[in-house]
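A closer look at the structure
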Amino acid sequence: MSLREIFSPGPLPPAHLTRRRDFWLSLMGIMLLAGLLMGVERLAGGYWVHMTCLAGIYLVLASGYNLVNGVTGQFSLAPNAFVACGAYVTSLLTMAPAEKALNFILEPLVWPLSVIHLPLGLALVIAGLVTALMAFGMGFTVFRVRGDYLAIVTLGLGEVIRVVANNAQGVTNGPLGLKGIPHLTNNLWWTWGLAVVALFVLTRLAKSSYGLALKAIREDEGAAESMGINVFWHKMLAFTTDAFLEGMAGGLLAQLITTISPSLFTFFLTFNLLIIIVVGGLGSMTGAALAALLITFGGEWLRVVEEPMSLLGLSVPGIPGMRMVIFSLLLMACMIFMRRGLLGKSEFSWRWLLAVLSRRGPRP
Amino acid sequence: MSREILRVAGLTCRFGGLMAVDGLDLTLRAGDLAGLIGPNGAGKTTVFNLLTGRVGATEGAVSFQGQAVLGLKSHQINRLGMGRTFQNIRLFGELSVLSNVLVGFHGRLEASFLSAIFRLPAYRREERRVLARAAELLELVGLQDLARERAGSLAYGQQRLLEIARALATGPSLLLLDEPAAGMNPQETANLAGLVRRLRDDMGLTVLLIEHDMRFVMSLCEHITVLDYGKVIARGTPEEVRGDPAVIQAYLGAGLELGQGEAVHA
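For every chain, the first residue of the written sequence is number 1, and numbering continues from 1 along that sequence. Whichever chain is written first becomes A and whichever ligand is written first becomes 1, with later ones labelled in order. Where local features are concerned, this predicted model is filtered to residues with pLDDT of at least 70; where side-chain atom pairs are given and counted, the filter is 80 or more; whole-chain, interface and lining totals use all residues. Only hydrogens and water are removed before side-chain values are computed, so all heavy atoms of the structure are retained for them.

Contact residues are listed per partner, giving 32 residues for chain A and 33 residues for chain B. The buried area of a pairing is the accessible area, by a 1.4 Å probe, that goes missing from both parts when the two are put together, added over both. In this assembly, chain A packs against chain B so that about 2,700 Å² is buried in total across both faces, 62% of it on carbon and sulfur atoms. A pair is scored as a salt bridge if a Lys or Arg side-chain nitrogen falls within 4 Å of a carboxyl oxygen belonging to Asp or Glu. At the junction of chain A and chain B, the tally comes to 2 salt bridges. A salt bridge links R340(A) to E94(B); the shortest N-O distance between them is 3.6 Å. Here a residue-residue contact requires only that any non-hydrogen atoms of the pair lie within 4.5 Å.

All names here are of chain A. Centres within 6.5 Å are what make two rings of Phe, Tyr or Trp a pair, Trp counting through its six-membered ring; a difference in plane orientation under 30 degrees is then read as stacked, over 60 as edge-to-face, and the rest as tilted. Inspection of every chain in the model, using the stated rule, returns 16 aromatic pairs over all chains. Centre to centre, the rings of Y88 and F265 are 6.2 Å apart; their planes meet at 55°, and the pair counts as tilted. Pair noted here: Y88 is in helix α4 (residues 79-94) and F265 is in the loop between α13 (231-257) and α14 (267-280), with a separation of 177 residues, a long-range link. Considered together, Y88 and F265 belong to a single accessibility category, that of buried residues. Numbering of helices and strands starts at the N terminus; helices are DSSP runs of H or I of at least 4 residues and strands are runs of E of at least 2. Accessible area is worked out with a 1.4 Å probe on protein chains only. A residue is then buried under 20% of its type maximum, exposed over 50%, and partly exposed in between.

Attention now goes to the pairing of strand β2 (residues 18-29) of chain B. Residues and elements named next belong to chain B. Strands qualify as paired when DSSP identifies two bridges or more between them. Where strand β1 (residues 4-15) lies against β2, 8 bridges are found, and the strand directions are antiparallel. Residue R7 lies in a different strand from β2, and its bridge partner there is T27. The hairpin formed by β1 and β2 contains 2 residues between the paired strands, and G16 there has a positive phi angle of roughly 60°.

One key point about sheets: their strands pair by backbone hydrogen bonds, in either a parallel or an antiparallel sense. Residues and elements named next belong to chain B. Ordered by their spatial adjacency, 6 strands build an open sheet running β6-β7-β8-β3-β9-β10, and the pairing between neighbours is mixed. Either end of the sheet is taken by a strand with one partner, and the two such strands are β6 (82-84) and β10 (231-236). Pairwise comparison of adjacent strand axes, ignoring direction, gives a mean angle of 20° for this sheet. Here β6 pairs with strand β7 (residues 174-178) via 3 bridges, running parallel. Lines fitted to C-alpha atoms define the axes here, with helix axes fitted over just the stretch in contact, and angles between the N-to-C directions of these axes take values from 0 to 180 degrees.

Its place among the elements puts P245(B) in helix α10 (residues 245-252). Considering only alpha carbons, one finds P245(B) and V97(B), 148 residues apart in sequence, at a separation of 44 Å.

Here we take up empty space enclosed by the protein. Within this scheme a cavity is a closed region of a 1 Å grid, computed over the protein atoms alone, that accommodates a 1.4 Å probe without allowing it to escape, whereas a pocket is open but has protein on both sides within 12 Å along at least five of seven lines; lining residues each have an atom within 4 Å of a point. Grid points are joined across faces, edges and corners, and a volume is the space filled by probe spheres set on the points. Under the counting rule described, the total for this entry stands at 1 cavity of 30 Å³ or more. In this structure, the largest cavity encloses a volume near 40 Å³. Looking at the largest cavity, the residues that line it are S226(A), T52(B), S74(B), I77(B), N78(B), M82(B) and R84(B). Tallying contributions element by element places helix α2 (residues 74-80) of chain B first for the lining of the largest cavity, with 3 residues.

So, about the sheet that holds strand β4 (residues 59-64) of chain B. All names here are of chain B. Read across the sheet, 4 strands follow the order β2-β1-β4-β5 without closing on themselves; strand pairing throughout is antiparallel. Each edge of the open sheet carries a strand with a single partner, namely β2 and β5 (67-68). Sheet analysis places β4 next to β5, joined by 2 bridges and oriented antiparallel. What sits directly across from S63, in β5, is A68. The strands touched by helix α1 (residues 44-51) are β1, β2 and β4; relative to β1, the strand with the most contacts, the crossing angle is about 115°.

Quick look at the packing of helix α10 (residues 187-207) of chain A against α13(A) now. All names here are of chain A. Where α10 contacts α13, the axes come no closer than 11 Å and their chain directions differ by 165°. As far as their axial angle goes, α13 and α10 are roughly antiparallel. The chirality of how α10 crosses α13 is left-handed. Contact with α10, carried on its side by N187, W190, T191, L194, A198, L202 and L205, involves T241, L245, M248, A249, L252, Q255 and L256 of α13 and no other residues of that element. Gly is placed with the polar residues, together with every amino acid not listed as nonpolar (Ala, Val, Leu, Ile, Met, Phe, Trp, Tyr, Cys and Pro) or charged (Asp, Glu, Lys and Arg). Class assignment for the residues of the contact of α10 with α13 results in 10 nonpolar, 4 polar and no charged. Oblique is the label for every angle not falling under 35 degrees (roughly parallel), over 145 degrees (roughly antiparallel), or within 65 to 115 degrees (roughly perpendicular). In a left-handed crossing the near helix is turned counterclockwise from the far helix by less than a right angle, and in a right-handed crossing that turn is clockwise.

Residues and elements named next belong to chain B. Among the structural elements, L6 can be located in strand β1. A C-alpha to C-alpha distance of 33 Å links L6 and S96, two positions 90 residues apart in sequence. Residue contacts for L6: discarding those within four places in its chain leaves L26, T27, L28, L51, V62, S63, F64, M82 and L174.

Moving on: a nonpolar patch on the surface. All names here are of chain A. To count toward a patch, a residue needs a relative accessible area over 30% and no salt bridge; like charges are then connected within 9 Å, while nonpolar side chains (Val, Leu, Ile, Met, Phe, Trp, Tyr) are connected within 5 Å. Residue burial considers only the protein chains on display, and all accessible areas are found by Shrake-Rupley using a 1.4 Å probe. A cluster of nonpolar residues, V325, L329, M332, I336 and F337, forms a patch on the protein surface that exposes about 530 Å² of accessible area. Mapped onto the secondary structure, M332 falls in helix α16 (residues 322-337). When its relative accessible area of 49% is taken as the criterion, M332 is described as partly exposed.

Multiply 1.5 Å by the residue count of a helix minus one, and that product is the helix's expected span. Taking 1.5 Å per residue as the helical rise, helix α6 (residues 156-169) of chain B with its 14 residues ought to reach 20 Å, and the 20 Å between its terminal C-alpha atoms agrees with that figure. In terms of residue burial, α6(B) counts as a mostly covered element, since 12 of its 14 residues are buried. Buried within α6(B) are the following residues: G157(B), Q159(B), R160(B), L161(B), L162(B), E163(B), I164(B), A165(B), R166(B), A167(B), L168(B) and A169(B). As for α6(B), its buried residues are in contact with α12 (221-226) of chain A together with β6, α3 (97-106), α5 (121-141), β7 and α7 (186-201) of chain B. Immediately beyond the C-terminal end of α6(B), within one or two residues, lies G171(B), with a positive phi of roughly 70°.

All names here are of chain B. One non-glycine residue, E179, adopts positive backbone phi at about 50°. Tracing the backbone through its elements, the reader meets E179 in the loop between β7 and α7. When its relative accessible area of 10% is taken as the criterion, E179 is described as buried. For Y229, which is not glycine, the phi dihedral falls at a positive 50°. Mapped onto the elements of the fold, Y229 is located in the loop between β9 (223-228) and β10.

Core analysis: the biggest nonpolar cluster contains 96 residues, and L67(A), F82(A), L178(A), I260(A), F265(A) and I276(A) have the highest contact counts within it. Contact partners of I260(A), with chain neighbours within four places excluded, come to A87(A), Y88(A), S91(A), G177(A), L178(A), I181(A), A254(A) and F265(A). Buried Ala, Val, Leu, Ile, Met, Phe, Trp, Tyr and Cys residues form a nonpolar core when they are joined through side-chain atoms within 4.5 Å.

Okay, the side chain of E211(B) next. All names here are of chain B. Note on placement: E211 falls in the loop between β8 (206-210) and α8 (214-220). No salt bridge is formed by the buried E211; its nearest oppositely charged neighbour, R160, is found at 6.9 Å. Polar contact is the term for a pair of N or O atoms within 3.5 Å; when the atoms are in protein, one must be able to donate a hydrogen and the other to accept it, and sequence-neighboring residues count only if both atoms are side-chain atoms. A distance of 2.9 Å separates the side chain of E211 from the backbone nitrogen of A181, its partner in a polar contact. A polar contact is formed between the side chain of E211 and the backbone nitrogen of D213, at a distance of 3.2 Å. Every residue in contact with E211, bar those within four places of it in the chain, is listed here: L36, I37, E179, P180, A181, A182, F216 and V217. Only four residue types enter the charge count: Lys and Arg as positive, Asp and Glu as negative, with His and the chain ends excluded.

Bear in mind that shape data such as this cannot, by itself, settle questions of function.
What follows is the structure, given as structure tokens:
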């Protein structure tokens, strides 16, 4: 089951008939989002701004990851490598040379990096390109294998990147990490700007002929190849597109938390993203986005259960860690009752929402 | 005499100690409607897999439209104009019927990745053209009313028809059909025979098909090659093949062991 199946309003009108209306609805949705962000920025405290930024970053990471795992069906476990690459590249490009000199105490930073100082926008694009290039290189090894083997190879490469970050003292500052990465005051707009662009590009991609080809590879690789699809290059396309977006998101993550070290980019980061895309529905971009928001904010809302409370006159002391127990139970419930995730393999669409709403309303 | 479209010479495929295909020679001319038959395990599907690059040949040569294709990848061979269906249906089950056909067009898509994402005019023009063509193909095989259904939810016979439509979408000049009538009822089989004939007569395709339904093969194909244990044991018109003692022996076993062999579906 998925939300789409629970609230199934029957056959929807064909997409091309409502394209204009859907465009305006999407535009209004974006404006509503902008209003919300402005509200958070003006009214809520720094904590909420931080959480909203984090949610936006997770949204990009999860929906990019979903392109490889959900749409193309390649069980990759490498996103922590992409995020790490993007975070390091962006940080090294945007930190002031003096700040870098303060960081690299064991071994000086290698030459061109030690003097470069770029504006964030440019640094992010470079981070995306570098990460995509890394993914391109990795792709030649990764896509020689399939299924479980692909998972193992990507898991290994993810670890390799972390180990490299730990040991390339002259570039990454090793286990000491980078501190004092410039913190942006308008981080909210950067992250959500990227989130909107990424979601737009990814949903468009998933719906296009290229997206169909990727889904065909997921369904039956051999048949797809016999239908004239160059399977290797299409997998590579998904992998590098994902890496580009995750590299940029990784850069913004570094700007948000201002301190990075290799221990931040372990397998657990990948694992969190995996949970998000499974809960959202493997293969659904909007599902991944929705799940990213639910899980980032949900984890915070669940803090309530760790506080001391009185139930029916019984006072219960706060139990640290209780939130993870509840979270796990919720995940299990989700997997039992919505086995295909929130949205299954289908995308959110205005046609669906309007059909559901109109069915609930009074009938003429 | 029309021009030669496919020439197979000495094609051999060995899986360990098993000779799956043993020195196959086969020539098809443009517009041929040919059949490849033989008992189970004779190597018919392996021939298709060799031709389409899914399995590597041990020896031999295959020239398609004058170009050597052994060693090319499946998708390259497909783009040269060789389309196929699969014996064990291999549709993209989770995708809609229409999407399955659209995937067939993707290999020849000219619009770039970026123009597809930003829906530039070039992509939209191509999309409109492809959608119209896909609708035509679905109408041709009679699935136009099921375009938005999930491919995996179709009846068996309809899935076989969808496989043909998907293969046609790749723009083949030679169509390889692997047991297209398997699992179909007599009415569906008759319709299929009509469809295959139309593909050849109206669309000018060359068709090579594997089939166990002898009535279907004998009534449809003009030229039949019979394989047994990877070797050609007979070839010729349906009448010639039907009376060939080697064919009867391959299907029914040697005279003395009659009844122990495999039944003929005719």
